Amino acid sequence: MSTKRFFWDSREIPFCEGETIAAALDAAGLSSFGSDALGRPTRYFCGIGACQGCLVRIDGVAREACLTLARDGLRIESLEHDDV
Ligand code: FES
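Predicted, not measured: the structure shown is a model, and the values here were computed from it. (Residues numbered from 1 in each chain as written. Predicted model: local features only at pLDDT ≥ 70, side-chain atom pairs only at ≥ 80, totals over all residues. Heavy atoms only, no water.)

Asker: What exactly am I supposed to notice about the pairing of strand β5 (residues 55–58) here?
Answerer: Side chains on a regular strand alternate between the two faces of the sheet. With burial as the criterion, each face of β5 is covered, one bearing Leu 55 and Arg 57 and the other bearing Val 56 and Ile 58. Where β5 lies against strand β6 (residues 61–64), four bridges are found, and the strand directions are antiparallel. By the bridge assignment for β6, Ile 58 is matched with Val 61. In the sheet, β5 pairs with strand β7 (residues 75–78) via three bridges, with the strands oriented antiparallel. Of the residues in β7, the one forming a bridge with Arg 57 is Glu 77. (Buried < 20%, exposed > 50% of the residue type's maximum accessible area, 1.4 Å probe, protein only. Helix = DSSP H or I, 4+ residues; strand = E, 2+ residues; numbered from the N terminus. Pairing = 2+ DSSP bridges.)

Take a look at the structure:
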């Protein structure tokens, strides 16, 4: 069985089938996903789509990493506050 991976900027992140992007990034040791409007680091917090702390850019669109399942080959970038 081959390992599935997506790309966080240029870094390959492995994940398990059914895992969210936020869980995979957290498991890979990434504690910050970008910065908010006040310049504070964003992160995986509530896990249910309520806090918006885990927003990332997926295929050019801002989405909650905690609600989005990882897919093989996906390209994901940090979403800086200027992007929102
Ligand atoms: S962790 Fe709160 S919306 Fe994703």
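Asker: Looking at this structure, I do not really get the confidence of the model for the protein. What am I missing?
Answerer: Note: predicted coordinates in regions of low pLDDT should not be interpreted at a detailed level. Per-chain confidence: the protein averages 90 in pLDDT, with 93% of residues scoring 70 or above. Within the protein, the lowest mean pLDDT, 87, falls on strand β3 (residues 34–35), and the highest, 97, falls on strand β2 (residues 11–15). (pLDDT = per-residue confidence, 0-100.)

Asker: Help me out: how do you make sense of the nonpolar core in this one?
Answerer: For soluble globular proteins, the rule of thumb is that nonpolar side chains tend to be buried together. Grouped together as the largest cluster of nonpolar side chains are 18 residues, with contacts concentrated most on Phe 6, Trp 8, Ile 21, Leu 25, Phe 33 and Ile 76. Elements with a minimum of two residues in this core: β1 (4–8), β2, α1 (21–27) and β5. It is α1 that contributes the most residues to this core, four residues altogether. Apart from the residues lying within four places of it in its own chain, the contact partners of Phe 6 are Arg 11, Glu 12, Ile 13, Phe 15, Ile 21, Ala 24, Leu 25, Ala 70, Arg 71, Gly 73, Leu 74 and Ile 76. (Core = buried A, V, L, I, M, F, W, Y, C linked by side-chain atoms within 4.5 Å. Contact = heavy atoms within 4.5 Å.)

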